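Observations on chain architecture
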Amino acid sequence: MSNKKDIININKDTNLTSEKVIKLKNNNEQYFILNGKRKTYHILTYGCQMNEHDSEKIAGMLSSIGYDETSDEHNADLVIFNTCLIRENAELKVFGKLGEVKGLKRNKPDMIVAVCGCMMQKEEIRDKVLKSFSFVDIIFGTNTIHELPNLIYNVEVNKKKSVDIIDNSDLIFEDMPKSRKFNYKALVNITYGCNNFCTYCVVPYVRGREKSREPIEIINEVNALAQEGCKEITLLGQNVNSYGNNLENKFTFAKLLYELNKITGIERIRFMTSHPKDLTDDLVMAIKDCDKVCNHVHLPIQAGSNDVLKRMNRKYTKEHYLELVKKLKSAVPDIAITTDIIVGFPGETEEDFQETLDVVKKAEYDSAFTFLYSMREGTKAALMEDQIPDDIKHNRFDRLLEVLYPIVLAKNEGCIGKVYPVLVESISKTSDNFLTGRTEHFRLVHFKGSEDLIGQMVNIKITSAKTFHMEGDIVKDK
Ligand code: 5AD
Ligand code: SF4
């Protein structure tokens, strides 16, 4: 089924040109004239890159209606929580922070507080926010970001609390204004939502069914980014490998990579996340063929036991997964493979856990995100018997790291003496004298250099390696 007919170009068809929004813009202009400064917003973003990119869209809309960003939430006129629900600790963080902002709002009653993102897609959580944090003025969801200007209008002009949630939407809003955090690298949505229903995961419930953007929309966006000087793009989707399945004119992810690889100015193409069940041979070939596609695949295994994988509804076996790893490594010998691993899924036995350790050893991961299973209400796994006690989960988690970290360290140590192009991203958080950036394999590198190299590609000779980063020196040639 096509989603083309449902695409709405927000600049042309929707709210940024509505009467209310024009009035809001005029009010903000008046505020600027009277106060010599614009109203300010501060966004607190929790969770994944999908949320980070949604926050860039929220920021883009706010700036197009006359707000400036502030890094200081205490002085903001509008504070927005863009929330995550993937694990319990993400949820707890948001509630803790909302508690803090309650005090802020008491001293600054005109401040508008908005909560959006995945948590707000769940009715029970929304109700909890409305009841326990009654100072919250605006609630919107992952499908109603484009409504934010109208919601602000309702609060400012009509003095009304505003809630706007759509459970599952086929609409894709193209050309939403975006205030991107960086000019040298950019996040680009290719799919929204997920059809996979892994039994532990809330994403399909809060982000709805999978829908793909039309290839031309993606290509146009990347072309525009290249013209603005962007060097690296990261294509985003819960399962990028199934890109195009729901388009009227079927298109594949591999084909998209070949198209994007032609765009002059773009030097690196990354993508997240790949699902092993959909990683096809033509995609492996595309990674090999396309010089701009980074030699890095993030391929979540989640668990090594076939029993657990079955109960997780992952639709592949350990053997199939390891076969894929082999295929990737033989097609692209220096490919980096990273993964996500969950320990303590309901019913996971010690033998099951040993299977996870076995995959980690066999796949020789370049790095991994590791998680304790977190029970999420509404998912199938939450209803499963044999939930694993916390102490066993923690014990397995520690043992997993004991196996994983030496492998990751050895991989990093293997880079010593070699030279890698690194895209310089920022000043290192650990030391002012150091810059930080990543190799195409997603390895973090710290090195000495001047701040004006940020956004440039430099060659770095690796001199030392730790588990989470490497150090090196800038060199002229490879
Ligand atoms: N508990 C723990 N980890 C989870 N993930 C998703 N849902 C859960 C959960 N309920 C992890 C998976 C996924 C990553 C984004 O988050 O590993 O790949
Ligand atoms: Fe969640 Fe599975 Fe979809 Fe990833 S593929 S978002 S883990 S349901």
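Right above here is the structure, for reference.
Description of the structure in this document. (Residues numbered from 1 in each chain as written. Chains lettered and ligands numbered in written order. Predicted model: local features only at pLDDT ≥ 70, side-chain atom pairs only at ≥ 80, totals over all residues. Heavy atoms only, no water.)

**Here we look at the sheet that holds strand E6 (residues 138-140)**
Put simply, the rule reads: Here a strand pair is declared whenever DSSP counts at least two bridges between the two strands. In this description a helix means any DSSP run of H or I spanning at least four residues, a strand means any run of E spanning at least two, and both kinds are numbered starting from the N terminus. Inter-axis angles, ranging from 0 to 180 degrees, are taken between N-to-C directions of lines fitted to C-alpha atoms, where helices are fitted over the stretch in contact. Contacts are assigned to residue pairs with any non-hydrogen atoms lying within 4.5 Å of each other.
In spatial order, the strands read E3-E2-E4-E5-E6-E7; together these six strands make up an open sheet with parallel pairing. In the strand order of this sheet, the two ends are held by strand E3 (67-69) and strand E7 (162-164), each with one partner. Strand-to-strand, the axes of this sheet are offset by a mean angle of 20°, without reference to chain direction. Pairing of E6 with E7 involves three bridges; the strand directions are parallel. Across the sheet, residue Ile-138 finds its bridge partner in E7, namely Ser-162. Contacts between helix H6 (residues 148-156) and the sheet are confined to strand E2 (39-45), E3, strand E4 (78-83), strand E5 (112-117), E6 and E7, with E6 contributing the most and set at about 160° to the helix.

**Describing the site of ligand 1**
Our working definition: If a single non-hydrogen atom of a residue is within 4 Å of a molecule or strand, that residue counts as near it. In protein, a polar contact requires one atom able to donate a hydrogen and another able to accept it; more generally it is a pair of N or O atoms within 3.5 Å, and residues adjacent in sequence count only if both atoms are side-chain atoms. Residue-level accessible areas treat just the shown protein chains as cover; the underlying method is Shrake-Rupley with a 1.4 Å probe.
Close to ligand 1 lie Ile-86, Arg-87, Tyr-200, Gln-302, Asp-340, Ile-342, Phe-371, Leu-372, Tyr-373, Ser-374 and Arg-376. In the model, an oxygen atom of ligand 1 is placed 2.9 Å from a nitrogen or oxygen of the Arg-87 side chain. Summarising the interface, the protein chains cover 86% of the accessible area of ligand 1, which totals 410 Å² for the free molecule. Among the elements of the structure, strand E15 (336-343) and strand E16 (367-372) are those that each provide at least two residues to the shell around ligand 1.

**As for the environment of Gly-60**
Structurally, Gly-60 is set in helix H3 (residues 49-64). Remark: the alpha-carbon pair of Gly-60 and Met-176, spanning 116 residues in sequence, is separated by 7.6 Å. The contacts of Gly-60, once residues within four sequence positions are left out, are Pro-177, Lys-178 and Ser-179.

**Thoughts on the packing of helix H9 (residues 253-261) against helix H10 (residues 281-289)**
Short version of the rule: Here roughly perpendicular refers to angles of 65 to 115 degrees, roughly parallel to angles under 35, roughly antiparallel to angles over 145, and oblique to all remaining angles. Two helices that cross are described as forming a left-handed crossing if the nearer one is turned anticlockwise from the farther one by less than a right angle, and a right-handed crossing if clockwise.
Where H9 meets H10, the closest approach of the two axes is 8 Å, and the angle between their N-to-C directions is 15°. Put simply, H9 runs roughly parallel to H10. The two elements H9 and H10 cross, and the hand of that crossing is left-handed. On H10, the residues touching Phe-253, Ala-254, Leu-257 and Tyr-258 of H9 are Asp-282, Leu-283, Met-285, Ala-286 and Asp-289.

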